[in-house]
Amino acid sequence: MQEPVPAPDLGGVRPSLVQLTHLIYALHAIAVVVGVTSAATVAGGFVFGLPSLLAVFLNYLKRGDVAGTWLESHFSWQIRTFWFTALWLVVYGLLIVTIVGIPLAWMLIAVLGFWVGYRVVRGWVALGGVRPVG
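Residues numbered from 1 in each chain as written. Predicted model: local features only at pLDDT ≥ 70, side-chain atom pairs only at ≥ 80, totals over all residues. Heavy atoms only, no water.

A look at the overall build of the chain
Regarding its fold elements, the chain presents five helices and zero strands. Counted from the first residue to the last, the chain has its helices and strands arranged as α-α-α-α-α. Principal-axis analysis of the C-alpha atoms gives the chain an extent of 65 × 35 × 25 Å. Within the chain, buried positions represent 41% of all 134 residues. (Helix = DSSP H or I, 4+ residues; strand = E, 2+ residues; numbered from the N terminus. Buried < 20%, exposed > 50% of the residue type's maximum accessible area, 1.4 Å probe, protein only.)

Concerning the side chain of R119
The topology assignment puts R119 in helix α5 (residues 102-128). Despite its burial, R119 remains without a salt bridge, the nearest opposite charge being carried by E72 at 14 Å. Contacts of R119, omitting those with residues within four sequence positions, involve W77, R80 and T81. (Lys, Arg positive; Asp, Glu negative; His and termini not counted. Salt bridge = Lys/Arg side-chain N within 4 Å of Asp/Glu carboxyl O. Contact = heavy atoms within 4.5 Å.)

Shown next, in the form of structure tokens:
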């Protein structure tokens, strides 16, 4: 007979909040995959895609529930990733409308796509390890 695997210590956090945080990372990951597999860019799919918009909505909706816990770092990480990506997309938009800035804009959008993917993976791995991110 197998011994039951003990549940990880969640540091006083409700398991439903950990599951919600996994769901939010999954939504962001779906947006990244859509950006990679479609005509959209990763950053564009991340900021304008329905999965990430829903994820950020959930972040703001449940932010108070995780305040003062190790999950707060994940919510801040996800929100900052979204808004910094949006900011850099504005910079990309300003560069792409100039002839001189087009090569720089394409480099920026590629780096931004990798950065978004890295942030999603790094945060989700930290969550799986039951530790704060950042």
